[in-house]
Structures are given as structure tokens and as C-alpha cells.
Amino acid sequence: MSMVAAFYSNKSILITGATGFLGKVLMEKLFRTSPQLKVIYILIRPKAGQTLQERVFQILNSKLFEKVKEICPNVHEKIRPISADLNQSDLAISKEDMQELLSGTNIVFHCAATVRFDAHLREAVQLNVIATQKLLLMASQMSKLEAFIHISTAFSNCNLKRIDEVIYPCPVEPRKIIDSMEWLDDAIIDEITPKLIGDRPNTYTYTKALGEMVIHQESGNLNVAIIRPSIVGASWQEPFPGWIDNINGPSGLIIASGKGFLRSLRATPMAIADVIPVDTVVNLTIAVGWYTAVHRPKSTLIYHSTSGNLNPCLWHDMGLKVLAAFEKIPFERAFRRPYVDFTTNNFTTQYWNAVSHWAPAIIYDFYLRLTGRKPRMLKLMNRLLRTISMLEYFINHSWEWSTNNTEMLLSELSPEDQRVSMEVRQPSHANHWLEYIENYVLGIKKYLLKEDLAGIPKAKEHLRRLRNIHYLFNTALFLIVWRLLIARSQTARNVWFLIMTCPLRQEPKSPARR
Ligand SMILES: CCCCCCCCCCCCCCCCCCCCCCCCCC(=O)SCCNC(=O)CCNC(=O)[C@H](O)C(C)(C)COP(=O)(O)OP(=O)(O)OC[C@H]1O[C@@H](n2cnc3c(N)ncnc32)[C@H](O)[C@@H]1OP(=O)(O)O
Ligand SMILES: NC(=O)C1=CN([C@@H]2O[C@H](COP(=O)(O)OP(=O)(O)OC[C@H]3O[C@@H](n4cnc5c(N)ncnc54)[C@H](OP(=O)(O)O)[C@@H]3O)[C@@H](O)[C@H]2O)C=CC1
């Protein structure tokens, strides 16, 4: 067992956000590599009519946990779900549970957050700032606590171009924002939100920055570290390549382009696509937990988990790789053939939206109406365009993140731990991006769209049919326009005559004529 894995044996760990994308992969890796850990407490709320137990059962029965169940057959006994709601001011944890958490917890991983870009400021502050503050307070009463690891985002300071592993001051103190949320009504909050977030694109990045500030100001004597991942994508290697289970970040747009809905995207082709595999982030998080508890750094260390600094992949290259992957792994029942153009200004964006998004949607809805069905494509297209407008900021800017602390940590690891951490950094090397993207697309097909791989030949056949329809449509359109032109314009008639007589002029060369 590696040094880091051994550290977690017999530990009691508290994870918030364990039902989320990152939290689940973190929990899986901890159980798989440190099966002797004592217990993982997870703060979890009942949701969508499911009890806590049902939610845990669903996680353990997912494909993600297959390996864990072999290595640690009693894994279900080692998960202790604690009913909690981070939206409530007291976190809604019962007295008994609180007592258990305070007396038993050794390490806290705080992953829970609202990651929605359109969250109302009050909601985002509640989850990303106030809940963090409450958890810190709770942590300060934990008698056996060794480390508190907070997951932030590399975009918390996306208003800067170069971002170091430091906490940047916020113009308005988090405490003032928290206080004002108590007495301001929603209408006033809506009004002041743009002023507060300033040159950040949304409430998410703003409140994640406030959350970091709260950690900085209120962690007292706690042993705290902050991890800032960039755009978290499907797994690179662990527990298997291509694991993904939500549509955040690039995944939703990959689906939309693979299904042929997304045909153009306002993006800066030469901007860096700073995607980082979820298992890379998790390996760093686990190593940071170990380092923070064992080495007890004097100040709060911040670790960037980014890929662009090692070997950047540009959005242009990432886009081409995604398209290449669709050739091998097409999605079923595509609306149109996958093809996406990057546009770079407002005019071309609006033009291609009209031609490639709205027009086909209107025509298809018309067809649905004609065949007695309910139109739905325009609605879907409008939602997609709204989503794109929220993500656009991140595909039109580049950032430079320093990674000194992350590099320092890697050098502190044993050779065995280093090998694990280095291996998962490989997609950052140019020739591995294609392999990563192919597995990502495959993962989306299998785990998100739940499509059967046996259906790939049929999907390819469907795309061939769409290509033929596309050629047929274009030819028909050309002939109609041309016919109309010929009827009205002498120049068009002359050009037509020239084209038609061209082969005749070459006739003397033909054997038949000689
Ligand atoms: C030159 C030629 C080259 C050739 C090129 C060829 C190119 C060819 C290939 C092209 C592909 C290449 C990839 C490029 C990717 C770039 C991505 C950059 C991402 C950057 C992320 C930055 C991460 C920052 C990191 C962090 O730190 S944070 C973690 C990330 N956080 C998020 O990513 C939350 C976002 N989301 C929301 O904020 C909410 O989703 C909300 C959007 C408000 C909607 O909200 P709403 O509409 O109310 O409701 P929903 O229920 O959410 O969704 C309602 C409906 O929208 C849909 N939908 C939700 N989402 C997404 C989504 N993503 N993408 C798509 N659809 C989505 C959902 O399918 C549902 O459709 P339906 O099922 O109803 O039909
Ligand atoms: N995904 C990404 O690209 C990136 C993510 N991050 C950060 O990583 C962390 C994890 O993100 P990710 O896993 O992608 O996000 P998810 O949206 O997948 O997960 C969010 C988690 O928070 C929990 N949560 C939300 N609201 C509450 C609440 N009121 N009470 C209790 N739990 C709640 C969710 O629980 P429930 O299932 O009940 O909703 C879920 O477990 C976040 O801090 C995010 O900021 C940073 C950079 C990029």
C-alpha cells in the first residue's frame, strides 16, 4: 500500500457533496485504495422522493463502484449517511449525528456547492459561502480533526489573466455580503448583483471567491487547504477511462454536437481548453489531505489542478478531436450530422444561429405539426442557445495558472504515490488528448446517454443517410436557385451556356471524333 493510501487506514472521513460528480469519484478512490479506512460520513439530503439510504444504494450500485465492491465487500457498512441540508442555516444535522461527527471526524473534504451559473445570488451565497462558514465552525469543534480540504474552482478569480496559488481580496468583505443577504429582498439583490460580481461572468465564480475568503479569514487554527480544479471532465484512467455522469462543463455541449443540434459555437479557437480529468483532481485531493494532515503547513496552501500549464490543448484542437471521435463513436438518432463551426464575432454568430439552429428547428417543428405531433425542436434549440450563452465566457478566454504548490506536493510524494499522480497527468501530453477525448465521448455514450455499443453500425448508417439527405438537399437548393436566376438574368444564362458548351469545345480531342 502506498504512503498516502496507508495514511487513510483507520481514518474517519467526512465528505460533503458525495452524491455529486467529484464527490462520488473521491469516495470511490478512497474506498478502493484504502479499504481499511474506518468510515466515510457523507452529508446528504433526501432528494427526488428518494430517502438517504436509497440514494446511497443507487451510488453503490452504479458502474463506478464495481471495482470497490470487489476490493472492499463491506463498503456499504463503511458509508454512514448523515441527513443534512446545506441550504439551512443550521445545516439541518440532528444533535446525535452532530455529536458523532464532532467526536469522530479526522479529515473533511468539502465538495458540496451550487455549480449553476445562473443561481440567484442569495442561493449561491447560502451554499458556496455560508455553508462553508458553518462547516468551518463545525470543524473547529472536531476534537480529532487533522485536515479540512476545501474544493474551490480555478475560475474563482477568472477576472484575472494570471492566477497564482494565493487568495485574492474581494472588494466587499464576505461577512458584509452574508449579513446583507439576511435583510435585502430578492428584487434589490437582483439589482445589485451585476455590481457585486463586477467583471466575473456569474454568481458561481463570485461566490466561490467569497468562499475562499471565508476560509482564509475564519479557519483559525485549523489545518486547511484549498484545491482549485479547472474544467473537470470524464476520468482519464480511474476507476476506468471515460467515467462521466453529469452534463456540466463540456459534456452537455459534446452531446449537443454529437446529436447534431449544436452546429456553431462562438469560441476563440486559440484559447486554451483547460480540461482536467476528474481522477486527476481526486488524486491531488487525496494527496493534499495527506500532506496537510501530516506536514501541517503554517499557512493555508492553495493547489491548482489544471492542464494548460503542462501541455495545453486549444479549443480548436479539442473541437477537432471531438468531431474525430464522433466518426468512430457516433451517437444514436442524430438530428443532423455532427459538425460544428467556431464563430468569432457577433454577426457570424447570429447568422449561423439563424441558419444552422433556428431554421432547421422551425422546419422540423413544421414537419412535426404536419404529422400531428407536438413541436419541440425550437424550444430545445432556445434552451441550448441559452446554455451556450452561459458557457461562452469560458471558451473565449485563456488563463495562466501557476502550479508551484502542486509541483511541490508531487515532489514530496513517495515514488509509488508519484507514479500514480504522474500517470494521471498524462492526458496533458499532446498525443494523449485524442485517446482521452475518445474515451470521454465513449463514456458519454455509455453512462450518460445509456446507448448500447452494439448500435454503433446502425448509428453510422443513420449518419450516412443524413449525409445523403444533406447532399440531396443542397443539390436541389442549388438547382432551384439557379433555375430562378436563369429565368431572370442574362449574365446567368451566359454563364450557364458557357458551362454547358465547355465539354463540346474539347470534343476534337476525343477518339470518336478523330
Ligand atoms: C475552427 C473550426 C474548428 C472545428 C471545431 C469543431 C467543434 C466540435 C465540438 C464541439 C464540442 C466541443 C466542446 C466545447 C465545450 C465547451 C464547454 C465549456 C464549458 C466551460 C465550463 C466552465 C466550467 C467552470 C468550472 C467550474 O468551476 S463549475 C462546474 C461547471 N458548472 C457547469 O457547467 C454548470 C453549467 N450549467 C448551468 O449553469 C445550468 O445548467 C444552465 C446552463 C444555466 C441551464 O440551466 P436550466 O436551463 O435552468 O436548466 P438545466 O436543468 O440545468 O438544463 C436545462 C437544459 O440545458 C441543458 N444543459 C445544461 N447544462 C448544459 C451544458 N453544459 N451543455 C449543454 N447543455 C446543457 C440540459 O441538457 C437541459 O436540456 P433538456 O434536458 O431540458 O433538453
Ligand atoms: N465540475 C466542474 O467542472 C468543477 C467543479 N468544481 C468544484 O467541485 C465541487 C464539486 O463539483 P461537482 O461534483 O461537479 O458538482 P455537482 O453539482 O455534481 O455536485 C454538487 C454536490 O453538492 C451537493 N449539494 C448541493 N446543494 C446541497 C445542499 N443544499 N445540501 C447538501 N448537499 C448539497 C449536491 O447534492 P445533491 O445530489 O443532493 O444535489 C452534490 O452532491 C464544487 O465545489 C465545484 O465548485 C470546481 C471546478 C470545476
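Above this text sits the structure in question.
Here the structure is a predicted model, which means the values were calculated and not measured. (Residues numbered from 1 in each chain as written. Chains lettered and ligands numbered in written order. Predicted model: local features only at pLDDT ≥ 70, side-chain atom pairs only at ≥ 80, totals over all residues. Heavy atoms only, no water.)

**Some remarks on a nonpolar patch on the surface**
A surface patch of nonpolar side chains, amounting to about 420 Å² of accessible area, comprises F347, Y351, W352 and V355. As for its position among the elements, F347 is in helix α14 (residues 346-370). (Patch = residues over 30% accessible without salt bridge, like charges linked within 9 Å, V, L, I, M, F, W, Y side chains within 5 Å. Areas by Shrake-Rupley, 256 points an atom, 1.4 Å probe, with all protein chains shown as cover. Salt bridge = Lys/Arg side-chain N within 4 Å of Asp/Glu carboxyl O. Helix = DSSP H or I, 4+ residues; strand = E, 2+ residues; numbered from the N terminus.)

**Considering the site of ligand 2**
What surrounds ligand 2 is a group of 26 residues, the closest being T19, R45, R55, Y204 and K208. The separation between an oxygen atom of ligand 2 and a polar main-chain atom of F21 is 3.0 Å. One of the backbone N or O atoms of I151 is found 3.4 Å from an oxygen atom in ligand 2. Relative to its unbound accessible surface of 900 Å², ligand 2 loses 90% to contact with the protein. Class assignment for the residues of the shell around ligand 2 results in 13 nonpolar, eight polar and five charged. (Near = heavy atom within 4 Å. Polar contact = N/O pair within 3.5 Å; in protein donor to acceptor, adjacent residues only side chain to side chain. Nonpolar A, V, L, I, M, F, W, Y, C, P; charged D, E, K, R; others polar.)

**A word on the pairing of strand β5 (residues 147-151)**
Burial runs high along β5: five of the five residues are buried. The side-chain alternation of β5 yields two buried faces, one formed by A147, I149 and I151 and the other by F148 and H150. Across four bridges, the pairing between strand β4 (residues 107-110) and β5 is parallel. Looking across to β5, one finds that H110 is bridged to H150. Relative to strand β7 (residues 224-229), β5 runs parallel, the two being bridged by four bridges. Paired with H150 across the strands is I226, a residue of β7. (Buried < 20%, exposed > 50% of the residue type's maximum accessible area, 1.4 Å probe, protein only. Pairing = 2+ DSSP bridges.)

**Things to note about the packing of α14 against helix α15 (residues 377-395)**
With their axes 8 Å apart at the nearest point, α14 and α15 run at an angle of 155° to one another. The orientation of α14 with respect to α15, classified from their angle, is roughly antiparallel. On α15, the residues that touch N353, H357, W358, A361, I362, Y364 and D365 of α14 are M377, L378, M381, N382 and L385. When grouped by side-chain class, the residues that make up the contact of α14 with α15 number eight nonpolar, three polar and one charged. (Axes fitted to C-alpha atoms, helices over the stretch in contact; angles between N-to-C directions. Parallel < 35°, antiparallel > 145°, perpendicular 65-115°, else oblique. Contact = heavy atoms within 4.5 Å.)

**Focus on unusual backbone geometry**
E238 connects to P239 through a cis peptide bond whose omega is -5°. Mapping P239 onto the fold places it in the loop between β8 (231-233) and α11 (250-258). At L91, a residue that is not glycine, the phi angle is positive and equals roughly 65°. Mapped onto the elements, L91 comes out in the loop between β3 (79-83) and α6 (95-104).

**Notes on the pairing of strand β11 (residues 301-305)**
Where burial is concerned, most of β11 is hidden: five out of the five residues are buried. By the alternation rule, side chains of β11 split into L301, Y303 and S305 and I302 and H304, which are all buried. By the bridge criterion, five bridges tie β7 to β11 in an arrangement that is parallel. Across the sheet, the residue bridging to P229 is S305, located in β11.

**As for the site of ligand 1**
If you check the shell around ligand 1, you find 31 residues, and the closest are R116, F117, T153, Y204 and G249. Backbone polar atom of G249 to an oxygen atom of ligand 1: 2.8 Å apart, as the coordinates give it. At 3.2 Å, a side-chain N or O of R383 approaches an oxygen atom of ligand 1. Counting only elements with at least two residues in the shell around ligand 1, the list comes to α11, α13 (315-328) and α15. When residues of the shell around ligand 1 are assigned to their parent elements, the largest contribution, seven residues, is made by α15. Each residue belonging to the shell around ligand 1 can be placed in one class, and the counts come to 18 nonpolar, nine polar and four charged.

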